[in-house]
Protein chains: 2
Amino acid sequence: MQNIGYIGLGIMGKPTALNLIRAGYTLHIYARRPEIIEEFKKAGAKTYASPKELAAAVDVIFTNVPTSADVEDALLGKQGIIHSAKAGTIVIDMSTIATAATKRIAEQLEKNHIEMLDAPVSGGEKGAIEGTLSIMVGGKAEVLEKVRPLLEKLGKSITHIGGHGAGQVAKACNQIIIGETIVAVSEALHLAKASGVDPAKVREALLGGFASSKVLEVHGKRMLDNDYKPGFKAKLHRKDMHLALEQAHFANVNLPSATYATKCIDRLVLKGHSELDSAALYLVTEE
Amino acid sequence: MQNIGYIGLGIMGKPTALNLIRAGYTLHIYARRPEIIEEFKKAGAKTYASPKELAAAVDVIFTNVPTSADVEDALLGKQGIIHSAKAGTIVIDMSTIATAATKRIAEQLEKNHIEMLDAPVSGGEKGAIEGTLSIMVGGKAEVLEKVRPLLEKLGKSITHIGGHGAGQVAKACNQIIIGETIVAVSEALHLAKASGVDPAKVREALLGGFASSKVLEVHGKRMLDNDYKPGFKAKLHRKDMHLALEQAHFANVNLPSATYATKCIDRLVLKGHSELDSAALYLVTEE
């Protein structure tokens, strides 16, 4: 299982794919942007004109693209891998997409003897570069075991959550907790400031106790420094919050606090701050 | 400064006071309940019939009582310490009360040459017993320095936040972050469950990443185990959330997410669950 395909060499995909090359795998890529094709050629990767052409040469294919439609296109589309992948090929989809779409795609692939894992990640660009991602996996446990050594090159924690789509559900849970916690920390820092108290002192004191979180530590610091260089862009967090609310709708569960956090992130993006880190929710939660 | 007074020997006050005895201080207490008086007599404490009688014998007085009115009564009331405390006496109020009340009381005491610190804590009964509280201090920095060795027997982190009331503001921030994060974790676990995914697996996966928090770790575990033995009682967390909203009102800041969490905790208490740990918010956030 030395021949690995990679489709989707963006902010998250590119460092992940480079880590696979570094780990000694032969990488086969499909990309559109000439500078990406050039960079990966130099790094020793083989390049193809379509997912379909790529699929014939590999045993495992990663996808890491923005939307459900992009995943569907790469896997099931006219030039999709489904037309040429060998029986037993494993698709590892690291994209964050709709749970329902993942299930539907996995079912289609299975009819063609192609296995799929949904494997969305947490940890951002930094985690991708350093190979310290948290990877939330849905699909068959035995399929995960076959590719676990591969995933261990990319992440420090690999958790099998459940069947097809379970990884996407876990990712949705991850994103709403982060969104809601950013709102919570924003409100606390606003309360401190409006009360004439130094919010930096409050954050410092709270990091030691039950209010402590990765968000208070990392995003809270960004708020205090007014430094919203991403990190994780507001427009992507917005997309993920809406995916989570969509899943909540399908699952018949109410998430009022996640809904409020989503409204805030909508407001942030509509104000033109889509490229800022989503810690910039601080800027719209005082209104 | 070996003679320490203590008023308010409840869930938090009792272990804190016992830690002071253990550290070698001579403890002077005022208490109403005979069993508490008995226990502290056995431990070597001196007991008094009123705060006023106690105050004449000590240099530092801790208060650790439920409400603003209780603090006011012990300090400024008919039998309050204000009538007999020596000039230079330091009051350390560990209660969680209104910021405005703290400021008013401190001002009154100061006119009588009595110093006050607001020093509410985080860390719960466990932190009180183990002497690992986080202590958020408001008042004069030089007064804090005089009693810092004392506080170091009780907490692992002692932060000077600002002037009178700043400790209470920090505590309010602490409580709203915890309340809002409990709601966030509840929603995520409900989403997982409603989607047919094991919430325990989701929690496990998320603990490694940006969604991680003390609340996901501790309160999330309580939710999964359906074990709401406190910890920190819902009725007390409710009181603190309302104090925070009151402070937000005075400070002219909107906290929509904290307001929603407060509504949830109101509902929990009104349903008769006031004695459960506030992680039981999980039970009312699916409605």
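Residues numbered from 1 in each chain as written. Chains lettered and ligands numbered in written order. Predicted model: local features only at pLDDT ≥ 70, side-chain atom pairs only at ≥ 80, totals over all residues. Heavy atoms only, no water.

In this section: the overall build of chain A. Summing up its helical and strand segments, chain A has 12 helices and nine strands in all. For chain A, whose C-alpha radius of gyration is 20 Å, the value lies close to the compact-globule estimate of 19 Å for 287 residues. Overall size of chain A, expressed as C-alpha extent along the three principal axes, is 65 × 45 × 35 Å. In chain A, which comprises 287 residues, the share counted as buried stands at 58%. For chain A, the proportion of contacts with a sequence separation of at least 24, taken over those separated by at least 6, is 66%. Here chain A displays about 11,100 Å² of accessible surface, and carbon together with sulfur accounts for 51% of that area. (Helix = DSSP H or I, 4+ residues; strand = E, 2+ residues; numbered from the N terminus. Rg over C-alpha atoms; globule rule 2.2 N^0.38 Å. Buried < 20%, exposed > 50% of the residue type's maximum accessible area, 1.4 Å probe, protein only. Contact = heavy atoms within 4.5 Å. Areas by Shrake-Rupley, 256 points an atom, 1.4 Å probe, with all protein chains shown as cover.)

With that settled, consider the relation of the copies chain B and chain A. Superposition of chain B onto chain A requires a rotation of 180° combined with a translation of 0.0 Å along the rotation axis, giving an RMSD of 0.0 Å. Taken together, these values place the two copies in the relation of a two-fold axis. Scanning chain B for the C-alpha nearest the rotation axis identifies Ser213 of chain B, at a separation of 1.9 Å. Interface overlap between copies is the fraction of interface residues in one copy that are interface residues in the other; for chain B against chain A it reaches 100%, indicating a shared surface. (Least-squares fit on C-alpha atoms with pLDDT ≥ 70 in both.)

Residues and elements named next belong to chain B. The contact between helix H1 (residues 13–22) and helix H2 (residues 34–42) brings their axes to 11 Å, and the two run at 15°. Judged on the interaxial angle alone, H2 and H1 are roughly parallel. As for the relative orientation of H1 and H2, their crossing is right-handed in sense. Along its contact with H1, which presents Lys14, Ala17, Leu18 and Ile21, the element H2 presents Ile36, Glu39 and Phe40. Here the contact of H1 with H2 is composed, by residue class, of five nonpolar, no polar and two charged. (Axes fitted to C-alpha atoms, helices over the stretch in contact; angles between N-to-C directions. Parallel < 35°, antiparallel > 145°, perpendicular 65-115°, else oblique. Left-handed = near helix turned anticlockwise from the far one by under 90°. Nonpolar A, V, L, I, M, F, W, Y, C, P; charged D, E, K, R; others polar.)

Before going further, it helps to examine the pattern of salt bridges. The full count for this structure, using the stated rule, is 26 salt bridges over all chains. Of the charged contacts in the structure, one is a salt bridge between Glu145 of chain B and Arg148 of chain B, with a shortest N-O distance of 3.1 Å. Residue Glu145 of chain B and its partner Arg148 of chain B are located together in helix H7 (residues 141–151), separated by three residues, close to a single helical turn. Its salt-bridge partner being Lys233 of chain B, residue Glu275 of chain B comes within 2.8 Å of it at the nearest N-O pair. Of the two residues, Glu275 of chain B sits in the segment after helix H12 (256–270) while Lys233 of chain B sits in the loop between helix H10 (214–225) and helix H11 (234–251), which places them 42 residues apart along the sequence. Bridged by salt links that share partners, the residues Glu110, Glu115 and Lys140 of chain A form one connected network. (Salt bridge = Lys/Arg side-chain N within 4 Å of Asp/Glu carboxyl O.)

Residues and elements named next belong to chain B. In this model helix H5 (residues 99–111) runs 19 Å from its N-terminal to its C-terminal C-alpha over 13 residues, within 8% of the 18 Å that 1.5 Å per residue would give. Among the residues making up H5, those that are buried are Thr99, Ala101, Thr102, Ile105, Ala106 and Leu109. Taken end-on, H5 shows its buried residues confined to a sector of 155°, consistent with a single buried face. Of the surrounding elements, those touching the buried residues of H5 are helix H4 (68–76), strand S5 (90–93), strand S6 (115–118), helix H8 (166–194) and H11. Just past H5, the residue His113 takes up positive phi, approximately 60°. (Expected span 1.5 Å × (residues − 1). Arc of directions from axis to C-beta.)

Listed by partner, the interface residues are 60 residues for chain B and 60 residues for chain A. Regarding the contact of chain B and chain A, the summed buried area is about 4,700 Å², with carbon and sulfur atoms giving 70% of it. Three residues, Ile177, Leu191 and Phe210 of chain B, lead the burial of chain B against chain A; their summed loss comes to 16% of the area buried on that side. Where chain B touches chain A, the interface holds zero salt bridges. Our enumeration of links across chain B and chain A arrives at 10 residue pairs in polar contact (both at pLDDT 80 or more). Mapped by element, the contributors of at least two residues to the side of chain B that touches chain A are strand S8 (133–138), strand S9 (155–162), H8, helix H9 (199–206), H10, H11 and H12 of chain B. A per-element tally of the side of chain B that touches chain A places H8 of chain B first, with 20 residues. Across the side of chain B that touches chain A, the residue classes break down as 34 nonpolar, 19 polar and seven charged. (Buried area = accessible area lost by both parts, 1.4 Å probe. Polar contact = N/O pair within 3.5 Å; in protein donor to acceptor, adjacent residues only side chain to side chain.)

Okay, the nonpolar core next. Counting residues in each nonpolar core, the largest one holds 90 residues, and the members touching the most others are Leu206 of chain A together with Leu206 of chain B. In this structure, Leu206 of chain A is in contact with Ala211, Ser212 and Leu216 of chain A together with Met136, Ala170, Cys173, Asn174 and Ile177 of chain B, ignoring residues within four places of it in sequence. (Core = buried A, V, L, I, M, F, W, Y, C linked by side-chain atoms within 4.5 Å.)

Detailed reading of the predicted coordinates is not advisable wherever pLDDT falls low. With 99% of its residues at a pLDDT of at least 70, chain A reaches an overall mean of 97. The ipTM, which scores confidence in the relative placement of chains, is 0.96 for this predicted complex, and the corresponding pTM is 0.96. (pLDDT = per-residue confidence, 0-100.)

Put simply, Pro230 of chain A and Gly231 of chain A share a cis peptide bond, and its omega is 15°. Along the polypeptide, Gly231 of chain A turns up in the loop between helix H10 (214–225) and helix H11 (234–250). Positive phi outside glycine occurs at His113 of chain B, with the angle close to 60°. One can find His113 of chain B in the loop between H5 and S6.

Structurally, the position occupied by His219 of chain B is in helix H10. Here His219 of chain B is in contact with Phe210 of chain A together with Ile182, Lys214, Asp277 and Ala279 of chain B, once residues within four sequence places are set aside.

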